Amino acid sequence: MSAALSVSAQALSPADESRIARVEQGLSTRVVVKDAPGQKMSLVERMAFHDVPAVSIALINNGRVEWTRAYGVLDAASRRPATTASLFQAGSVSKSITALGALHLVEQGVLSLDDPANGQLSSWKIPDNHFTQQGPVTLRGLLNHSAGMNIHGFHGYAQGQAVPSLLQVLDGVAPANSEPVRVEAIPGTEWKYSGGGYSVVQLMMTETRGKPFPELMQELVLDPLQMRDSTFAMTLAPALQARAAIGHHTNGAPVSGGWHVYPESAAAALWSTPTDLARVVVDIQQTQSGKPGKLLSSGMIATMLSRGLGEYGLGFYVEQLGNGVSFAHSGGTDGFRSQLYGYTHTGQGVVVMTNSDNGAALIDEILVSVAAEYGWPEFQITEKVALRSDPVGNAMLVGNYILVEKPAQVIAEGDRLYLRSELFGERPMELFAQSKTRFFMTAQDMTVEFQQVGRDKANGFLLKRGNNTYIATPAQ
């Protein structure tokens with residue numbers, strides 16, 4: 001391991017240390033080129049490749065936190081070493097923790113899942129329109145992202161900027177930097193991810209109990225789970241700030257002031273550690289298995305982990321797998337990326353947190369390695385056959401394009417072809433040929449199909465990612 005890379009760890013058995021070493025040396029993209037050399041890579045190599053200063057991991061196995069590790073530095077400038085007690089912004093993983101708190105209030109009889117939300121609000125109401133006239137917004141819909149609300153995510157506020165109140169956020173009033181939170185579809189008819197909806201949940205919870213959100217979440221979730229290194233406070237206490245990671249942009253530059261502030265606390269404001277978030281995974285697993293939980297009843301956990309609309313339950317993405325489910329949530333704020341993942345039926349899971357906008361790609365490669373070592377049913381490697389590169393044909397595809405209203409470039413270097421788009425970070429992604437017009441990537445599981453290749457140039461391309469297809473047109 002590079003001497004420049006700091007590693008924080010607890011003492012473990014030789015068998016556990018061997019498993020960790022295999023995870024550290026077994027990183028891979030989910031898609032690989034068949035028969036290509038060097039398919040498995042080290043964590044150290046991939047941190048450098050993705051320009052991620054720090055990574056912290058908590059591995060759950062057999063229903064307990066089996067090991068934790070932290071790698072790298074919290075600040076690329078000061079080189080403060082990361083430890084397993086270092087705090088990272090959790091981003092949208094906040095929504096999962098918020099949902100636990102809201103459902104606890106439901107079980108206390110303080111909130112209702114299915115009564116109209118406006119009947120549980122006082123200082124502000126969801127504005128009525130022709131969508132709400134056809135069905136009310138409910139807490140269940142808000143937690144499931146099926147309430148018809150807008151605002152996918154929030155940008156946060158740089159250090160020194162004026163920070164709006166929650167009511168200013170909900171109405172889009174200065175200094176809020178987001179649009180008003182409003183209903184834009186008939187509640188209960190479609191799934192659309194909405195951080196705005198979780199801001200409504202935040203108001204419902206605080207008004208019902210008459211407490212600030214950070215204090216309320218401390219009482220409802222953080223204290224019962226002994227999450228001592230976690231907080232929803234917008235301003236970190238000095239002791240926590242000393243252990244907080246600095247966020248980093250895709251180019252490696254630190255976020256000005258270290259991080260952004262998020263008054264949209266329920267949606268995005270949690271600071272935590274993988275160890276603390278692993279406590280959430282373990283408690284859900286124990287409760288689901290019939291053992292006493294610290295937060296919710298087994299019946300409410302079952303409700304939480306049952307899909308509503310979309311691939312989402314109440315606060316988690318859920319996937320039915322045999323006799324159980326996986327439950328997960330990713331998170332991203334300016335300069336941070338994180339992932340929580342757990343299985344109800346195997347007692348397995350992992351939490352990974354990073355301090356870089358490039359962290360998502362690295363996290364995915366870590367999940368592939370963990371899945372291989374611990375026999376997970378997901379994150380399997382797919383091999384694809386790549387044709388011999390055709391420099392002459394590639395030249396017809398090179399050019400500047402517009403992809404999802406953002407600039408994109410197709411670049412040829414020698415006999416290799418690359419796609420660069422700020423949608424996926426600054427680093428170009430190599431394109432591997434399946435035909436003269438169809439290519440796949442290993443950096444992300446995506447394909448590119450060039451359109452109407454004439455005598456000189458392609459007339460755009462289709463980028464396919466999962467079930468979604470995005471159209472790229474030539475830049476003018």
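For the structure itself, consult the block above.
Residues numbered from 1 in each chain as written. Predicted model: local features only at pLDDT ≥ 70, side-chain atom pairs only at ≥ 80, totals over all residues. Heavy atoms only, no water.

Enquirer: So what about the overall build of the protein? Which residues, and what values?
Expert: Across its full length, the protein carries 13 helices and 19 strands. A globule of 476 residues ought to have a C-alpha radius of gyration of about 23 Å, and the protein, at 23 Å, matches this closely. For the protein, the proportion of its 476 residues judged to be buried stands at 52%. Partitioning the intrachain contacts of the protein with sequence separation of at least 6 by distance along the chain shows that 63% fall at a separation of at least 24. For the protein, the accessible area works out to roughly 19,700 Å², and carbon and sulfur atoms hold 50% of it. Taken as two groups, the 36 positive and 43 negative side-chain charges of the protein have centres that lie 4 Å from each other. (Helix = DSSP H or I, 4+ residues; strand = E, 2+ residues; numbered from the N terminus. Rg over C-alpha atoms; globule rule 2.2 N^0.38 Å. Buried < 20%, exposed > 50% of the residue type's maximum accessible area, 1.4 Å probe, protein only. Contact = heavy atoms within 4.5 Å. Areas by Shrake-Rupley, 256 points an atom, 1.4 Å probe, with all protein chains shown as cover. Lys, Arg positive; Asp, Glu negative; His and termini not counted. Charge placed at Lys NZ, Arg CZ, Asp CG, Glu CD.)

Enquirer: Could you give me a rundown of the pairing of strand S13 (residues 406-413), with the residues and numbers involved?
Expert: Bridge count between strand S12 (residues 399-403) and S13: five bridges; the pairing is antiparallel. What sits directly across from Leu 403, in S13, is Lys 406. The turn linking S12 back onto S13 is made up of two residues, and Val 404 within it adopts a positive phi angle of 50 degrees. Two strands pair when backbone bridges link them, and S13 and strand S14 (residues 416-421) are joined in this way by six bridges, in the antiparallel orientation. Bridged to Ile 411 within S14 is Tyr 418. (Pairing = 2+ DSSP bridges.)

Enquirer: Let's hear about helix H3 (residues 93-107): which residues, and what values?
Expert: In a regular helix each residue adds 1.5 Å, so 15 residues correspond to 21 Å; H3 covers 22 Å between its end C-alpha atoms and thus fits that length. Burial within H3 is extensive, with 14 of its 15 residues counted as buried. Trailing H3 by a residue or two, Gly 109 shows a phi angle of about 80 degrees, which is positive. (Expected span 1.5 Å × (residues − 1).)

Enquirer: If you had to explain the pattern of salt bridges to someone new, which residues and values would you point to?
Expert: Pairs can form between side chains of opposite charge once their charged atoms are near each other. Inspection of every chain in the model, using the stated rule, returns 20 salt bridges. Note that Asp 357 is salt-bridged to Arg 337, the shortest N-O span being 3.1 Å. Taken as a pair, Asp 357 in the loop between strand S10 (349-354) and helix H12 (359-374) and Arg 337 in strand S9 (residues 336-343) lie far apart in primary sequence, 20 residues in all. By relative accessible area, which is 16% here, Asp 357 ends up buried. Notably, a salt bridge pairs Glu 422 with Lys 406, separated by 3.9 Å at the nearest N-O pair. Linking Glu 422 in the loop between S14 and strand S15 (429-433) with Lys 406 in strand S13, this pair joins segments that are 16 residues apart in sequence. Of the residues examined, Lys 406 reaches a relative accessible area of 35% and is grouped as partly exposed. Salt bridges linked by common partners bring Arg 19, Arg 22 and Glu 373 together as one network. (Salt bridge = Lys/Arg side-chain N within 4 Å of Asp/Glu carboxyl O.)

Enquirer: Give me the lowdown on unusual backbone geometry, citing residues and values where you can.
Expert: Residue Ala 174 is joined to Pro 175 through a cis peptide bond whose omega torsion reads 10 degrees. The backbone of Asn 62 shows a phi angle near 55 degrees, a positive value even though the residue is not glycine. Relative to the elements of secondary structure, Asn 62 occurs in the loop between strand S3 (54-61) and strand S4 (64-72). Look at Glu 405: it is not a glycine, yet its phi comes out positive at around 65 degrees. If you trace the backbone, Glu 405 turns up in the loop between S12 and S13. Since its relative accessible area comes to 76%, Glu 405 is described here as exposed.

Enquirer: Give me the lowdown on the nonpolar core, citing residues and values where you can.
Expert: Residues Ile 97, Leu 143, Val 200, Met 205 and Val 221 are the most contacted members of the largest nonpolar core, which totals 86 residues. Sort the elements by how many residues they give to this core and H3 lands first, with eight residues. For Met 205, the contacting residues outside a window of four places in its chain are Thr 98, Gly 101, Ala 102, Leu 105, Leu 111, Phe 213, Leu 216, Met 217 and Leu 220. Within the second largest apolar cluster, 27 residues are counted, among which are Trp 67, Tyr 71, Leu 367 and Ala 371. (Core = buried A, V, L, I, M, F, W, Y, C linked by side-chain atoms within 4.5 Å.)

Enquirer: Kindly report on a nonpolar patch on the surface, identifying the contributing residues and their values.
Expert: A cluster of nonpolar side chains, Val 404, Leu 423 and Tyr 470, forms an exposed patch at the surface whose accessible area comes to about 230 Å². Here Tyr 470 shows up in strand S19 (residues 468-474). (Patch = residues over 30% accessible without salt bridge, like charges linked within 9 Å, V, L, I, M, F, W, Y side chains within 5 Å.)

Enquirer: Break down the environment of Val 163 for me, citing the residues and quoting the values.
Expert: Along the chain, Val 163 turns up in the loop between helix H4 (139-144) and helix H5 (166-171). A relative accessible area of 35% places Val 163 in the partly exposed class. Residues Val 163 and Ser 78, 85 residues apart in the sequence, show an inter-C-alpha distance of 28 Å.

Enquirer: Give me the lowdown on helix H7 (residues 213-222), citing residues and values where you can.
Expert: When we look at burial in H7, the residues that qualify are Phe 213, Leu 216, Met 217, Leu 220, Val 221 and Leu 222. Relative to the axis of H7, the buried residues are bounded by an arc of 160 degrees and lie together on one face. (Arc of directions from axis to C-beta.)

Enquirer: Can you explain the packing of aromatic side chains? Please cite residues and give values.
Expert: The geometry of an aromatic ring pair comes down to the distance between the two centres and the angle between the two planes. Inspection of the entire model under this criterion finds 18 aromatic pairs. On the basis of an interplanar angle of 65 degrees and a centroid distance of 5.5 Å, the ring pair of Phe 450 and Phe 461 is categorised as edge-to-face. One end of the pair, Phe 450, is in strand S17 (residues 446-450); the other, Phe 461, is in strand S18 (residues 461-465), with 11 residues separating them in the sequence. Accessibility expressed as a relative area gives 3% for Phe 450, which makes it buried. Ring pairs connect the aromatic residues Trp 191, Tyr 193, Tyr 312 and Tyr 317, which therefore count as one cluster. The aromatic ring of Phe 49 is capped on one face by Arg 46, whose charged end is 4.2 Å from the ring centroid. Just above the ring of Phe 49 sits the side chain of Arg 427; from NZ or CZ to the centre is 4.1 Å. (Phe/Tyr/Trp six-rings, centres within 6.5 Å; stacked < 30°, edge-to-face > 60°. Lys NZ or Arg CZ within 6 Å of the ring centre and 35° of its normal.)

Enquirer: Provide a residue-level description of the packing of helix H6 (residues 195-209) against H7, including the pertinent values.
Expert: Contact pair H6 / H7: the axes reach a minimum separation of 10 Å and the direction vectors enclose 80 degrees. The angle between H6 and H7 falls in the class roughly perpendicular. Between H6, through Gln 202, Met 205, Thr 206 and Arg 209, and H7, the contact on the second element is made entirely by Phe 213, Leu 216, Met 217, Glu 219 and Leu 220. Split by residue class, the contact of H6 with H7 holds five nonpolar, two polar and two charged. (Axes fitted to C-alpha atoms, helices over the stretch in contact; angles between N-to-C directions. Parallel < 35°, antiparallel > 145°, perpendicular 65-115°, else oblique. Nonpolar A, V, L, I, M, F, W, Y, C, P; charged D, E, K, R; others polar.)

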